Structures are given as C-alpha cells and as structure tokens.
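This is what each chain is made of:
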Amino acid sequence: MIFGCIVLAGCAQPPLVLGQVDPERVLAPEEVQAGAICTLHKRASLPVSLPGLPVITAEINGKPVTLIVDTGAESSILTAEAARRVGVTTKYDFVRSMSGIGKSVRTGDAKLDSMRLGGVALSFPRVLVGDVSFNLGIAQPDGLLGASLLSDFDLDIDLPHRRIDLYDRLDCAGPRLPWTGRYVTIKTTRSLSQHPFFPMSVNGKTISASLDSGAQRTVISSRAAAGLGIGAESRVAGPELHVRGAAGETLPAALHTVRDLRVGGIPVRGPVHVVPAALPRDIDALLGFDFLLNNRVWLSYGSRRLFIQPN
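Remember, predicted model here, so these are calculated numbers, not experimental data.

S.K.: Would you mind going over the environment of P267 in detail, with residue names and values included?
M.R.: Take P267: it is sitting in strand β22 (residues 266-267). Separated by 66 residues in the primary sequence, P267 and S201 place their C-alpha atoms 9.4 Å from one another.

Rendered as structure tokens:
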C-alpha cells in the first residue's frame, strides 16, 4: 500500500478544517448549481490498468513511463532507475525530503524537458527523483503521479470502466458534470499542498478524510479508531498484515469490520485497515482504491468539490 505521504522539507502544514456534504442528500445533475456558468473542456482520456492500484502510461522527455495515479501524494516522483532511463538530470535544482510514515528519503527536485498525459503537454513539469520502489507484485511502476501535476486538472476518475479523464481545471462553484444519473456533491477544504479534506461518518461519528487512490484499502489511524470505538471485537481473524508507505517502509496493520462507514451518505463497503501511526497531514482516514473500484469520483481541485456516483 502506498500512502502517498510526500512532504517537502520545511513546509508547514495548515490547520485542518473539514469540508461539508452539500447538501445532505443525493443530487440529480439538473439540481447542481443550475445558475453557475461552467464550461467543461475535456483534454484527455487516460486508459488505466489495475494491478492493485491505478496505473497509467505517460510520456517524459519523449519516452513512456508507467505511473501510479496517487491523489494522496503531494508531489510526483520517479524512481532513480526510471529517471536515468528517460534522461532526467542527476543535477537537481533542490534537494527535498520525501517523508513516509516513520521514514524519510532524500530526493532531488528536477525540471523535466517535457511531459505529456494522454497527449496533453504539461507546463513546466517538475518531479522528485529518489531511491524508492513501488513494486505491485506484477510490475515495477516508474513512479507516482501526484497532486503537484494532477491539480492542474479536474479529474473524472472512473475505475469501474478503467479510465481517468482530464478536464480543464474549473474554479466555479458548480460544474455541470457529463454524467447521467444521480450523485453526491461534497464541499471540501483544501490544504496548502492541494489535498481536499472532507467529512467521513463512522458509526455515527464524524472524522476527517482525504481521497487517496494510492492506498489499496481504506485506512483509519489507530488514534481515530480508538475514539470511534473500533477495538479488538471488530478485528478480522487472520495472519498479520503489513502496509507499505510512500518511502518504502512497512507497518503492521489490523483489518477491522466497521458497522457503518459513509462518505456523503454513500456506504463504504468492506473492512478497513487500522494502522498504529499518524496518517499524512494528521488526518483520520484515507479513502482508498477499494472505494474507487466501486464508485465514480470527480475530483475538482478548482471548485473544491468532490462528486461521487455509486457504480
């Protein structure tokens, strides 16, 4: 599991303020800000493979690279081996620290000659390069595609149909989505590192959560779990589990069943991992890849909204 907890050294984290479900019911498309002037412009459609996490093919310096789409990562990163292969310089503009959970890795901050996503050229793309690995068992991806580059767009994440569509980033309050059927709208609060925070309901109590497509399963910190009454009686019997952080570290994890877990009123199915460590940016939970496999999600960095449509 990749938590996507990349933090630039010396960057202060802002205080956490939760977003809101807006409103507390499912909306039909015609009900969403009918008066707002929002014109959607689709830029690209990215085919997605699913070897345990969402993986896309991009182009860096004219050469193909495979990247995990990680909405929980603050920065985008290449492995040192991939950087050498695509001709990324070994003389970096800055030295950064990529912090995982209990581990930190020194990385270089490099400006790329060029980068394309689905044929769309990115403006002034930068990535971190470090001695990290992202082995998914079948293949070795070349790196992570994080918020530093993803936040230039609005993302239509449709993993049930194995694609992610990129739209021009919109700053208006209510984009009219090109979806049929009903969906939930959630107002979020964005951190300085571009991460949207929103409320999650667990057993009738509200905690803070962030969308993390780089986490294989939805994760709750042990501190939050204790406050929610998630204890030994809900633990799933089985062998000891471990999860993997962004810097390559492994942590023990316990699998728990949760009586009622919801985002915007939509149930989150299946057990969750509880980890004995603080999560990135001191949030309570990460809504992971398991949720995205069963729900279509539109992540709007500009309007600070999350739209969710159950599959």
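What follows picks up the thread again.
S.K.: Please set out the side chain of D156 residue by residue, giving values where relevant.
M.R.: In this fold, D156 is placed in strand β12 (residues 153-158). Reaching out from D156, the side chain makes a polar contact with the side chain of W179 at a distance of 3.3 Å. Ignoring any residue separated from it by four or fewer positions in sequence, one finds D156 in contact with R163, I164, D165, Y167, W179, R296, V297 and W298.

S.K.: Could you give an account of the pattern of salt bridges, naming the residues involved and the relevant values?
M.R.: Scanning the model with the defined rule gives 10 salt bridges in all. Notably, a salt bridge pairs D284 with R223, separated by 3.8 Å at the nearest N-O pair. Residue D284 is located in the loop between β23 (272-275) and β24 (285-287), and its partner R223 is located in helix α3 (residues 222-228); the two are separated by 61 residues in the primary sequence. Using a relative accessible area of 16% as the deciding quantity, one classes D284 as buried. Accessibility expressed as a relative area gives 53% for R223, which makes it exposed. One salt-bridge network, held together by shared partners, links K42, D156, D158, R163, D165 and R296.

S.K.: Kindly report on the packing of aromatic side chains, identifying the contributing residues and their values.
M.R.: Tallied over the entire structure, the rule returns 4 aromatic pairs. Ring geometry for W179 and W298: centres 6.3 Å apart, planes at 70 degrees, overall edge-to-face. Taken together, the residues W179 in the loop between β13 (163-168) and β14 (184-187) and W298 in strand β25 (residues 295-300) connect sequence positions 119 residues apart. Assigned by exposure class, W179 and W298 land together as buried. Seen from their ring centres, Y183 and F307 are 6.1 Å apart, and the 80 degrees between their planes marks the pair as edge-to-face. Of this pair, Y183 sits in the loop between β13 and β14 while F307 sits in strand β26 (residues 305-310); the two residues are 124 residues apart in sequence, bridging distant segments of the chain. Taken as a pair, Y183 and F307 share a single burial class, namely buried. Members of the aromatic cluster, each reached through a chain of ring pairs, are Y167, W179, Y183, W298 and F307.

Reading guide: rules and limits
- Residues numbered from 1 in each chain as written.
- Predicted model: local features only at pLDDT ≥ 70, side-chain atom pairs only at ≥ 80, totals over all residues.
- Heavy atoms only, no water.
- Helix = DSSP H or I, 4+ residues; strand = E, 2+ residues; numbered from the N terminus.
- Polar contact = N/O pair within 3.5 Å; in protein donor to acceptor, adjacent residues only side chain to side chain.
- Contact = heavy atoms within 4.5 Å.
- Salt bridge = Lys/Arg side-chain N within 4 Å of Asp/Glu carboxyl O.
- Buried < 20%, exposed > 50% of the residue type's maximum accessible area, 1.4 Å probe, protein only.
- Phe/Tyr/Trp six-rings, centres within 6.5 Å; stacked < 30°, edge-to-face > 60°.

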